[in-house]
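# What the coordinates show
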Amino acid sequence: MKIKNYLLFNVVLLILFSSCSNDFGIEKKVEKEVFELKSSSTSNDVVGKLTVGYQGWFACQGDGSPVNQWVHWSSSGQPAPGNQTFELWPDIRDYPNGYQTGYGNLGNGDPAKLYSSYDSEVINTHVKWISDYGIDCIALQRFGVELSVPSFKAQRDGVALKMKNAAEGYGKKFYIMYDISGWTNFQTEIKTDWTNAIIGDLNLINSNAYAKQDGKPVVAIWGIGVSGRPGDVNSWLDIINWFKNQSCYVIVGTHNNWRSDSSILPAINAANMVSPWTVGVYSDNGGVDNYATVMEADKNYCNQYNMDYQPVVFPGFAWSNWNGGSRNQIPRMHGDFMWRQFAQVRNKGIPSAYVAMFDEYDEATAIAKAAEDVLMTPSDQYFLTLDADGITVSSDFYLRLTGDGGRMIRNEMPLIWNHPTLHKNVNNNSIFVSQSVPTTVDGGQNFTASITIRNTGLTSWSAADAYYLGSQNPHDNTIWGSNRIALLSDETVEPWQEKTFTFDFAAPNQRGTYNFQWRMLQEWVEWFGETTSNVSIEVTSNYLDNCDGLNGWGSHNQLSVNRDVQQEGTGCISAYGSGTDDFSKLYPNPLALNSDISQNNGVFQFWYYVSDVSMLSGNNQIELGSGGGPDVDEFAWIIDVSSLTNGWNMISKRLSDAYVIGHPNLKEIDWFRVYNFKSGNVTSMVDDMQVVKD
């Protein structure tokens, strides 16, 4: 694209119009797009991740930036009808500041304002989106031809520092991507800039947000071997090897026919990763499918030469407002075109991808929020809108689609050929209404909680359409036994109806304080709506069972939960019949008692109800053990029937008084049983089982 409107006009033209050429003559201009895969570790931030190219090159008169003039929005002066160098109108509703243009009001009556990439709030918002929508890494463009102009270098340096701060704040990774378009002295100046600015003045690579691969700081160089870009195989090889000698992981951006260009292969083969530019190489899904064989061959070549491979994915393309050509030249097809590229990347087993671009409104390849329809664009000038292909999508649709594409290539969802991303995210929405959640629970035990959510979207929820309540804080955790609470199989929650999810949760065995928070989702589509208020639940581990649910319980008699006469909690376990085993329980996850409980000081106690003590005979026993069943590593006590009365009885047994079989382990209690020989039907109940310190 263009670098600046006033200086070195010939250089600017070179930069704007001599990018990667393709069938459309579309070049990867200075505004090349970069997508890197996000990484959760400091040593694996690119491979297996989704990276997005970030231009950060828009400036406005009055924005307080070093250039302090309109840059990339127009060729010179205030953008106005006929004076613009961008195709896709941005949606700036999330930005605190906007800069007035010379266009008439938007179709909805709002003033036609644009944003500046130099505003910290803008960069913070962009990185927040990158975080919210699940994109892994940011390739921050650095245009070498600008660095000889002090105001533009200061602009680039300022954007880089703001990016570093935002990435640190939102836990994202970023790296520098040099563009050598028009940079005739790149061979020496790129080394100076890296040493004096990136490492020196800006100190970027020491940030915990700076991307590293295999423990090495990542740097990308775009334009290697691309038509119209300076250099030859010797100068390219020199800078690649120089960066590798600085212990960097080097990515090279090149043209899409790189494997057949023997004149550049010695340089390409020296890199750590290859990312061929493909914007404009194909223009529909058929072209995407045909190009998939090229990607596969690229991947195989990279494997042969021990390089990583990062194909480019883009949403669409047009530049009629500033470089001619037809409007909507490569249609986005309401996401189908971009998704097909993601699907083929996954289909070919390629773990990394680079999206072109995040904020490239110039050539309409931006995935950042953009105008949904003409009501969001000036009434006196054409701009491309997201509904150009006949389907209305939300302004954040391509952010959501990119996030879904990243999940697919990371194998977090299966290969899906038709995109699952809803065109209008308003279809799925919800608000949190209320909840009933205990703040203290017993380790390893079940407890009941209820959460009420209102459907505020346009779509009905059903189990068949994979709507769930999902765990949060941390995202998708299984702290409480499950990360999903399903709707009933025959249940439908219509828009504006409320749904109360009531579920038996399993507390972790280890004592401590744990977060309990949930949010709605449609599986393989999106998470949506408000999260529930977080509840910090204290888990204690002296309880063996609160007896509020039947999970894991057994008996020779008819079992049920009595919710009326419990001694503690929300219920007690009840058994009716004449069978010998009143109650037994095998815990699937052994329970660890509090560390201050020992065989010398521990007391096993619980409430025990008998409807008619006269029906009980001798040889009655209580067992508590760690052997997974009766008569293995257990404590055992005789029940003195004469001490029981009709109704509730507090049973209290010292561990030191027990008959001990084997070596019961108080850190792995997994078995309990009470048995009584009976002469007739008896109702018995048990509640509030715990081991306490004497």
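Residue positions within a chain follow its written sequence, with the count starting from 1. Only residues with pLDDT of at least 70 get local features here, since the model is predicted, and only at 80 or more are side-chain atom pairs given and counted; chain-wide, interface and lining totals rely on the full set of residues. Working from all heavy atoms in the structure, the side-chain values ignore hydrogens and water.

### Some words on the sheet that holds strand β32 (residues 634–638)
Rule in force here: Two strands make a pair as long as DSSP finds a minimum of two bridges between them. Note on conventions: DSSP H or I runs of at least 4 residues are helices, E runs of at least 2 residues are strands, and numbering of each starts at the N terminus.
Spatially, the six strands line up as an open sheet ordered β26-β29-β35-β31-β32-β34, and their pairing is antiparallel. Each edge of the sheet is formed by a strand with only one pairing partner; in this case those strands are β26 (553–554) and β34 (659–661). As judged from the two bridges shared by β26 and strand β29 (residues 581–591), these two strands associate in the antiparallel manner. From the neighbouring strand, tryptophan 553 faces β29, where its bridge partner is lysine 585.

### Overview of the environment of methionine 177
Applicable threshold: When a residue's accessible area, from a 1.4 Å probe over protein chains only, is under 20% of the maximum for its type it is buried; when over 50% it is exposed; and in between it is partly exposed.
You can see methionine 177 is positioned in strand β6 (residues 173–179). The exposure class of methionine 177 is buried, given its relative accessible area of 3%. On a C-alpha basis, the gap between methionine 177 and valine 374 in space is 34 Å, while along the polypeptide they are 197 residues apart.

### Quick word on the pattern of salt bridges
Just so we agree on the cut-off: When a carboxyl oxygen of Asp or Glu is within 4 Å of a side-chain nitrogen of Lys or Arg, the pair counts as a salt bridge.
Taken as a whole, this structure holds 27 salt bridges when the rule is applied. One salt bridge in this structure joins arginine 259 and aspartate 298, with 2.5 Å as the shortest N-O distance. On the criterion of sequence distance, the pair formed by arginine 259 in the loop between β9 (249–254) and α6 (265–268) and aspartate 298 in helix α7 (residues 285–304) is long-range, its members being 39 residues apart. A relative accessible area of 31% places arginine 259 in the partly exposed class. Here arginine 454 ties to glutamate 498 by a salt bridge, and the two come within 2.5 Å at their closest N and O atoms.

### Concerning the sheet that holds strand β16 (residues 446–455)
Definition in use: Only C-alpha atoms enter the line fits that serve as axes; for helices the fit covers just the stretch in contact. Angles between N-to-C directions range over 0 to 180 degrees.
Judged by pairing direction, the sheet is antiparallel, and its three strands sit side by side in the order β14-β16-β21 without closing on themselves. Sheet topology places β14 (430–436) and β21 (498–506) at the edges, where each strand pairs with a single neighbour. The sheet shows a mean angle of 25° between the axes of neighbouring strands, taken without regard to direction.

### Section: helix α4 (residues 186–201)
Quick reminder: α-helices carry 3.6 residues per turn. Residues three or four places apart thus point the same way. So the rule is basically this: Working rule for helices: expected span equals 1.5 Å times residues minus one. Bend at a given residue is defined as the angle between two axes, one fitted to the seven residues that end at that position and one fitted to the seven that begin there.
For α4, built from 16 residues, the straight-helix expectation of 22 Å at 1.5 Å per residue is missed by more than 12%, its first-to-last C-alpha distance being only 19 Å. At tryptophan 194, α4 shows its maximal bend, which comes to roughly 30°. Asparagine 203 sits one or two positions beyond α4 and adopts a positive phi of about 55°.

### Things to note about the packing of helix α9 (residues 336–347) against helix α10 (residues 397–409)
This is how it is decided: When describing relative orientation, an angle under 35 degrees is termed roughly parallel and one over 145 degrees roughly antiparallel, while 65 to 115 degrees is termed roughly perpendicular and anything else oblique. Whether two residues touch is decided by their heavy atoms; if any such pair falls within 4.5 Å, the residues are in contact. Amino acids outside the nonpolar list (Ala, Val, Leu, Ile, Met, Phe, Trp, Tyr, Cys, Pro) and the charged list (Asp, Glu, Lys, Arg) are all regarded as polar, and Gly is one of them.
The geometry of α9 relative to α10 is characterised by a closest axis approach of 9 Å and an angle of 10° between their N-to-C directions. By the angle class used here, α9 and α10 are roughly parallel. Taking contact as the criterion, the partners of Met338, Trp339, Phe342, Ala343, Val345 and Arg346 in α9 are, on α10, Tyr398, Leu401, Thr402, Asp404, Gly405, Gly406, Met408 and Ile409. Of the residues in the contact of α9 with α10, the class split is nine nonpolar, three polar and two charged.

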